[in-house]
Amino acid sequence: MNCPAATPAELDLLTGFLRLHSEDGAPPTPYWISADTLPETVRRLLAHDHGMTATLEAFWGERMRLTVLHTAEEATSLRRHVLLSGADSGTPAELGLIEMYLEALPLAALFAVRQRRIPFGAILSACGVSFRSQPAGFLTLVADDGIARLLRLRPGDIVHGRATTLYDMEDRMLATAVELLSGHHPR
């Protein structure tokens, strides 16, 4: 899958995301890589045009539970730092940051987003909003103490992720996201 280069906005989102989770103020350095250099399982989980929540639920064989770590709402957007974990197993699946564009969302989705209980992709599906994900780039980094703690990894473990933008079927931008996989597998 060929992806366009990450935009300055996506790079700023990624840098801010990594800085927020860095416990010593020096975030890990992300390295942009092509989809074909990702390990096979990671590539199946990241290099696609559908929602990450549904992809993770299919892979894990269980619903994803949302833990909101931080949220900030501005006039036109709401930004959430989240952890998705298996609802039954409790195993972390993904650490993410998503910036949702409020004007593009139907009222029911907007209400659910503000409730902070359900992953964004699940909200869109429940509200009947068809969407696609357009990855802007794939990345790898070495987990620092903060990311390792949240994903239940060892500091120094390799983490893979992506920067992506979600669009509705009329090509309206719904959200921009950075998603880091935990690397754990279902039992």
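These numbers come from a predicted model, not from an experiment.

Basis of the calculations
- Residues numbered from 1 in each chain as written.
- Predicted model: local features only at pLDDT ≥ 70, side-chain atom pairs only at ≥ 80, totals over all residues.
- Heavy atoms only, no water.
- Helix = DSSP H or I, 4+ residues; strand = E, 2+ residues; numbered from the N terminus.
- Contact = heavy atoms within 4.5 Å.
- Areas by Shrake-Rupley, 256 points an atom, 1.4 Å probe, with all protein chains shown as cover.
- Pairing = 2+ DSSP bridges.
- Axes fitted to C-alpha atoms, helices over the stretch in contact; angles between N-to-C directions.
- 1 Å grid on protein atoms, 1.4 Å probe; cavity = no way out; pocket = protein on both sides within 12 Å on 5 of 7 lines; lining within 4 Å.
- Points joined across faces, edges and corners; volume = space filled by probe spheres on them.
- Nonpolar A, V, L, I, M, F, W, Y, C, P; charged D, E, K, R; others polar.

Enquirer: When you look at the overall build of the chain in this model, what are you seeing that I'm missing?
Expert: In terms of regular secondary structure, the chain is built from six helices and seven strands. Secondary structure elements of the chain occur, N-terminal to C-terminal, as α-β-α-α-β-β-β-α-α-β-α-β-β. Excluding contacts between residues fewer than 6 apart, the proportion of contacts in the chain whose partners are at least 24 apart in sequence is 61%. Summed over its atoms, the accessible surface of the chain is roughly 9100 Å², and 52% of this surface lies on carbon and sulfur atoms.

Enquirer: Where do I start with the sheet that holds strand 2 (residues 64–73) in this structure?
Expert: Pairing between sheet strands relies on hydrogen bonds along the backbone, with the strands arranged either parallel or antiparallel. Within the open sheet, the seven strands sit side by side as 1-5-6-7-4-3-2. Their pairing is antiparallel. Each of the sheet's edge strands pairs with one partner strand only, and the pair in question is strand 1 (31–33) and strand 2. On average, adjacent strands in this sheet sit at an angle of 25 degrees to one another, irrespective of strand direction. As defined by bridge partners, strand 4 (residues 92–101) adjoins strand 7 (residues 173–181) across seven bridges and the pair is classed as antiparallel. Note on strand 7: the bridge partner recorded for Glu-99 is Thr-176. The sheet strands contacting helix 3 (residues 52–60) are strand 2, strand 3 (77–86), strand 4, strand 6 (158–168) and strand 7, and the helix crosses strand 4 at an angle near 165 degrees.

Enquirer: Mind showing me how you'd approach empty space enclosed by the protein here?
Expert: To find leftover empty space, a probe the size of one water molecule is rolled over the atoms. Evaluation of the coordinates by the stated rule reveals two cavities of 30 Å³ or more. In terms of lining, the largest cavity is formed by 21 residues, of which the most central are Thr-53, Glu-94, Ile-98, Phe-120 and Glu-179. Secondary-structure elements contributing two or more residues to the lining of the largest cavity are helix 3, strand 3, strand 4, helix 5 (120–126), strand 5 (131–142), strand 6 and strand 7. Across the lining of the largest cavity, the residue classes tally to 11 nonpolar, six polar and four charged. Of the voids in this model, the second largest cavity is the one considered here, and its volume is about 60 Å³. Taken together, Thr-41, Val-42, Leu-45, Leu-56, Phe-59, Trp-60, Ala-93, Leu-181, Ser-182, Gly-183, His-184 and His-185 make up the full set of residues lining the second largest cavity. Residue composition of the lining of the second largest cavity, by class: seven nonpolar, five polar and no charged.

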